[in-house]
Amino acid sequence: GIQVEQSPPDLILQEGANSTLRCNFSDSVNNLQWFHQNPWGQLINLFYIPSGTKQNGRLSATTVATERYSLLYISSSQTTDSGVYFCAVEVLTGGGNKLTFGTGTQLKVEL
Amino acid sequence: DVKVTQSSRYLVKRTGEKVFLECVQDMDHENMFWYRQDPGLGLRLIYFSYDVKMKEKGDIPEGYSVSREKKERFSLILESASTNQTSMYLCASSSNGNTDTQYFGPGTRLTVL
């Protein structure tokens, strides 16, 4: 099956710093999504981004499908950005948008 | 807002017990999923369902079964719980739209003693 690798596995930032998280995948994908899991365990979709660039406030994401990677940018980080960031890819399987997740980047933003 | 609820936030069971984890979604979604999350392994798909009474194995189905008798409800069953099934279990749902994401429940942290 498809492999999804995320880096770095762990990251500690001072509040206000910027960061870039990376997701590499081993095969062509139908779509790619970024999720944030808060410290209480709730997973929320951040971006649906099979290709190109999208921005939402302090967050933006870029996917280069031909080179099989995606980047998530966090600018002016805040303590509420802490948690785990997952990249997930979908490969066409005939239905149901089944996702394969990476192992995540654990982010801690400190004051 | 889409809402996905799971029957328990925390659950403690003994080895050999039969365990039911329930998931309900209120958005009339066709697709429902069960994942387990373990440190360093991310989310791994156990089973999913495209429609009522339909089910498909995910990446790690061994030791689990599922039931989908109604569109809004997807149950995960551990026939005989074992200690290696101690984990966080997450349910998700999605529609069949091309750009729709999966919406997740709050998770059930299961401990098997």
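Here, the structure is the one placed above.
Throughout this description, residue numbers start from 1 for each chain and increase along the sequence as written. As they are written, the chains are lettered A onward and the ligands numbered 1 onward, keeping that order. It should be noted that, the model being predicted, local features are given only for residues of pLDDT at least 70 and side-chain atom pairs only at 80 or more, the latter also being counted only at that level, while totals for whole chains, interfaces and linings use all residues. Only hydrogens and water are removed before side-chain values are computed, so all heavy atoms of the structure are retained for them.

Asker: I tried to follow the overall build of chain B on my own but got confused; where do I start?
Answerer: To qualify as a helix, a DSSP run of H or I must reach at least 4 residues; to qualify as a strand, a run of E must reach at least 2; elements of each kind are numbered from the N terminus. Secondary structure summary: chain B contains zero helices and 11 strands in total. Counting helices and strands in the order they occur from the N terminus, chain B gives β-β-β-β-β-β-β-β-β-β-β. When we talk radius of gyration, it's over C-alpha atoms, and the globule rule is simply 2.2 Å times the number of residues to the 0.38. The globule rule puts the C-alpha radius of gyration for 113 residues at 13 Å, and the 13 Å found for chain B is close to it. Overall size of chain B, expressed as C-alpha extent along the three principal axes, is 40 × 30 × 25 Å. Buried residues are those whose accessible area, probed at 1.4 Å on protein chains only, stays under 20% of the maximum for their type, while exposed residues exceed 50% and partly exposed ones sit between those limits. Relative to its full complement of 113 residues, chain B shows a buried share of 48%. Pairs at least 24 residues apart make up 56% of the contacts formed inside chain B by residues separated by at least 6 positions. Pairs of residues are marked as contacts when any of their non-hydrogen atoms sit within 4.5 Å.

Asker: What am I meant to see in the pattern of salt bridges here?
Answerer: A side chain of one charge can pair with a side chain of the opposite charge when the charged atoms of the two come close. Residue and element names in this part refer to chain B. Here, a salt bridge means any Lys or Arg side-chain nitrogen found within 4 Å of an Asp or Glu carboxyl oxygen. Tallied over the full model, the rule gives nine salt bridges over all chains. Of the charged contacts in the structure, one is a salt bridge between Glu-22 and Arg-73, with a shortest N-O distance of 3.9 Å. Linking Glu-22 in strand E3 (residues 19–25) with Arg-73 in strand E8 (residues 73–78), this pair joins segments that are 51 residues apart in sequence.

Asker: Could you clarify how one ought to interpret the pairing of strand E9 (residues 83–90) of chain A in this entry?
Answerer: Residues and elements named next belong to chain A. Of all the eight residues making up E9, eight are buried; the element is thus mostly covered by neighbouring parts of the structure. DSSP calls a pair of strands paired once it identifies at least 2 bridges connecting them. Sheet topology note: the strand E4 (residues 31–37)/E9 ladder contains seven bridges and is antiparallel. Bridge pairing in E9 links Phe-35 to Phe-86. Where E9 and strand E10 (residues 99–101) come together, three bridges link them in antiparallel fashion. Bridge pairing in E10 links Val-89 to Thr-100.

Asker: Can you walk me through the state of the cysteines in this structure?
Answerer: Simply put, disulfide is the name for a covalent bond between the sulfur atoms of two cysteines. Residue and element names in this part refer to chain A. Criterion for a disulfide: a pair of cysteine sulfur atoms at a distance within 2.5 Å. Tallying each qualifying case throughout the model produces two disulfides over all chains. Two residues, Cys-23 and Cys-87, share a disulfide whose sulfurs are 2.0 Å apart. The sign of the S-S torsion, about -55 degrees, decides the handedness of the disulfide formed by Cys-23 and Cys-87: left-handed. Linking Cys-23 in strand E3 (residues 19–25) with Cys-87 in strand E9, this pair joins segments that are 64 residues apart in sequence.

Asker: Please explain the layout of surface pockets as it appears in this structure.
Answerer: Empty space among the atoms can be located by rolling a probe the size of a water molecule over them. Using a 1 Å grid laid over the protein atoms alone, points where a 1.4 Å probe fits but cannot get out form a cavity; open sets with protein on both sides within 12 Å along at least 5 of 7 lines form a pocket; any residue with an atom within 4 Å of a point counts as lining. Grid points are joined across faces, edges and corners, and a volume is the space filled by probe spheres set on the points. Size it by volume and the largest pocket reaches roughly 440 Å³. In terms of lining residues, the largest pocket is bounded by 24 residues, among which A:Gln37, A:Val84, A:Gln106, B:Gln37 and B:Pro39 are the most central. Taken together, the elements giving at least two residues each to the lining of the largest pocket come down to E9 and strand E11 (105–110) of chain A together with strand E4 (31–38) and strand E9 (87–94) of chain B. By residue number, the principal contributor to the lining of the largest pocket is E9(A), which donates three residues. Each residue receives one of three labels: charged for Asp, Glu, Lys and Arg, nonpolar for Ala, Val, Leu, Ile, Met, Phe, Trp, Tyr, Cys and Pro, and polar for the others, Gly being one of them. Residues belonging to the lining of the largest pocket are distributed by class as follows: eight nonpolar, 14 polar and two charged. In this structure, the second largest pocket is lined by 15 residues; those nearest its centre are A:Ile2, A:Gln3, A:Thr100, A:Phe101 and B:Asp59. Residues of the lining of the second largest pocket, tallied by class, amount to seven nonpolar, five polar and three charged.

Asker: What am I meant to see in the interface of chain B and chain A here?
Answerer: By a frequent convention, interface size equals the accessible area lost on bringing the separate parts together. Taken together, the contact pairs 24 residues of chain B with 19 residues of chain A. When two components associate, each loses some accessible surface as probed by a 1.4 Å sphere; the sum of these losses over both components is called the buried area. In this assembly, chain B packs against chain A so that about 1700 Å² is buried in total across both faces, 51% of it on carbon and sulfur atoms. Note that B:Asp59 and A:Lys98 form a salt bridge whose closest N and O atoms lie 3.9 Å from each other. Whenever a nitrogen or oxygen atom comes within 3.5 Å of another N or O atom, the pair is scored as a polar contact, on the condition that within protein one atom can donate a hydrogen and the other can accept it, and that pairs from neighbouring residues in sequence are kept only if both atoms are in side chains. Remark: the boundary between chain B and chain A carries five residue pairs in polar contact (both at pLDDT 80 or more).

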